[in-house]
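Listed below are the residues making up each chain.
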There are 2 protein chains.
Amino acid sequence: MRTKSIIAAPEIEALIALLAKVPGLGPRSARRAALQLMKRKDQLMVPLAAALSEAAEKVRPCSNCGALDTQDPCALCSAPDRDDGLICVVAEVGDVWALERAGAFKGRYHVLGGTLSALDGVRPDDLRIPRLLERAGAPGVREIILALSATVDGQTTAHYLAERLHSLNITISRLSHGVPVGGELDLLDDGTLFAALQSRRST
Amino acid sequence: MRTKSIIAAPEIEALIALLAKVPGLGPRSARRAALQLMKRKDQLMVPLAAALSEAAEKVRPCSNCGALDTQDPCALCSAPDRDDGLICVVAEVGDVWALERAGAFKGRYHVLGGTLSALDGVRPDDLRIPRLLERAGAPGVREIILALSATVDGQTTAHYLAERLHSLNITISRLSHGVPVGGELDLLDDGTLFAALQSRRST
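Residues numbered from 1 in each chain as written. Chains lettered and ligands numbered in written order. Predicted model: local features only at pLDDT ≥ 70, side-chain atom pairs only at ≥ 80, totals over all residues. Heavy atoms only, no water.

Chain A appears in an unreviewed UniProt entry as Recombination protein RecR from Terricaulis silvestris. UniProt's Function (unreviewed entry) comment on chain A is quoted here verbatim: "May play a role in DNA repair. It seems to be involved in an RecBC-independent recombinational process of DNA repair. It may act with RecF and RecO." Recorded in UniProt under Sequence similarities (unreviewed entry), the annotation for chain A is "Belongs to the RecR family." (UniProt positions renumbered as here; feature names shortened; annotations may be inferred.)

Rendered as structure tokens:
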């Protein structure tokens, strides 16, 4: 007999507990997800298990830039047609994907693996900063773009990196603040509006 | 070289595509989930893959009641201390779990596997109704509780079942107080479920 707190078989409870840890799913939605997965066993559950195993086995962080790929150096670092003189610094791999979807950047990337945070105790040593300094100092590098979030932690990190990179004789740039494309003016927060006004350009 | 639409390695894209089909996750949250899973490979990704494989391999619908378990008949059907005279009819396995969490019912269950739906083309033959009629006709069965959602389809199904079960000389009851009109059973809080079971009415 099962105790009252365990409703389903232990294998199902274990699956629900793990699904509940997946970002985007909570305890309730994990239960629904588990049921749907078991209902669609052959179309979804078995392929998902296989895809997780395969990715877990093959995907590794790139030893050069920190992005995730099945090859090392990754496809972005080894692509022959990208500009080696430009390095775009981002916090997470998801930011690389976002920039690649936008298709606006044809240089190289560097993934820090997070941002500095006094609150969460993330210090410079915890991020992929030494490798960035090495890469930034290589011959031919013209510009480092600090593409970090406009949050306190993101801007702290950008400020710290700008100081560390200052001695190298290269351009350090940041993403511009402003009105999001397609965004409505009267829905914007004051900080963004202020920044958009400050950095206005003549047309 | 990769085409523009494929940003990450094919193994990662395949994982994201499958995660996006999990109820509760969409294309965007699937990407976030994939990144977090790869970041927490040993704590989350590998165990989740194993849990999915194990559940896919071991969990089967109970041949008696239709609930999911690793044993057949399931733990609820084979528990010696439950009342064989009461059968609670629900649409989905999640409803069994919801009722078990509420802890208000100590009889047996019967999972239909859905509700009748003219719109989705679900007919009586598509549900586990023949087995229910068999079970309801067995000696010793005193009452059938139709614990179906207070939706049009749920109530249509309850009405249909009440008619089919009418000729048997047993009580047919439905959940009553506490079920919000239009509400789904497995999203209800325990207290409401408890009240609904306590105040069930015979039809």
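Colleague: Run through the UniProt feature "zinc finger region: C4-type" (unreviewed entry) in chain A, naming residues and quoting values.
Modeller: The sites that UniProt annotates as "zinc finger region: C4-type" (unreviewed entry) are residues 62-77 of chain A. In the segment residues 62-77 of chain A, helix accounts for 19% and strand for 12%; the C-alpha atoms at its two ends are 8 Å apart. (Helix = DSSP H or I, 4+ residues; strand = E, 2+ residues; numbered from the N terminus.)

Colleague: Outline the layout of surface pockets, listing residues and values.
Modeller: Taken as a whole, the largest pocket spans an internal volume of roughly 1,300 Å³. Looking at the largest pocket, it is lined by 42 residues, and the ones nearest its centre are Glu-92, Val-93, Gly-94, Asp-95 and Ala-98 of chain A. Ranked by the residues each element gives to the lining of the largest pocket, the list is headed by helix 5 (residues 93-102) of chain A, at 8 residues. For the second largest pocket, the calculated volume is near 570 Å³. Along the wall of the second largest pocket there are 25 residues; nearest its centre are Gln-36 and Lys-39 of chain A together with Ala-91, Glu-92 and Val-93 of chain B. Listing elements by their share of the lining of the second largest pocket, those giving two or more residues are helix 2 (27-39) of chain A together with helix 5 (93-102) of chain B. Element by element, the count of residues in the lining of the second largest pocket is highest for helix 2 of chain A, at 5 residues. Here the lining of the second largest pocket is built from residues that sort into 9 nonpolar, 9 polar and 7 charged. (1 Å grid on protein atoms, 1.4 Å probe; cavity = no way out; pocket = protein on both sides within 12 Å on 5 of 7 lines; lining within 4 Å. Points joined across faces, edges and corners; volume = space filled by probe spheres on them. Nonpolar A, V, L, I, M, F, W, Y, C, P; charged D, E, K, R; others polar.)

Colleague: So, the packing of aromatic side chains: which residues are in play, and what are the values?
Modeller: Each pair of aromatic rings is reported with the distance of its centres and the angle of its planes. Residues and elements named next belong to chain A. Applying the stated criterion across every chain yields a total of 2 aromatic pairs over all chains. With centroids separated by 5.2 Å and ring planes inclined at 65 degrees, the aromatic side chains of Phe-105 and Tyr-109 adopt a geometry described as edge-to-face. A relative accessible area of 9% means that Phe-105 is categorised as buried. (Phe/Tyr/Trp six-rings, centres within 6.5 Å; stacked < 30°, edge-to-face > 60°. Buried < 20%, exposed > 50% of the residue type's maximum accessible area, 1.4 Å probe, protein only.)

Colleague: Talk me through the sheet that holds strand 3 (residues 83-90) of chain A; I want residue IDs and the actual numbers.
Modeller: All names here are of chain A. One open sheet accounts for 4 strands, arranged 4-3-5-6; its pairing is parallel. Among the strands making up the open sheet, the edge pair consists of strand 4 (107-111) and strand 6 (171-174). For this sheet, the mean angle separating the axes of adjacent strands, direction not counted, is 25 degrees. Relative to the sheet, helix 5 contacts strand 3 and strand 4, its axis offset from that of strand 4 by approximately 155 degrees. Sheet strands in contact with helix 7 (residues 152-165) are strand 3, strand 5 (143-146) and strand 6, and its direction is about 175 degrees off that of strand 6. (Pairing = 2+ DSSP bridges. Axes fitted to C-alpha atoms, helices over the stretch in contact; angles between N-to-C directions. Contact = heavy atoms within 4.5 Å.)

Colleague: Report on empty space enclosed by the protein, specifying residues and quantitative values.
Modeller: Counted under the stated rule, the structure contains 2 cavities of 30 Å³ or more. Of the volumes computed, that of the largest cavity is approximately 100 Å³. Lining the largest cavity are 14 residues; nearest its centre among them are Leu-68, Leu-76 and Trp-97 of chain A together with Ile-7 and Ala-8 of chain B. For the lining of the largest cavity, the secondary structure elements donating two or more residues are strand 2 (68-69), helix 4 (75-78) and helix 5 of chain A. Here the lining of the largest cavity takes 4 residues from helix 5 of chain A, the largest share from any one element. When the residues that make up the lining of the largest cavity are grouped by side-chain class, the tally is 11 nonpolar, no polar and 3 charged.

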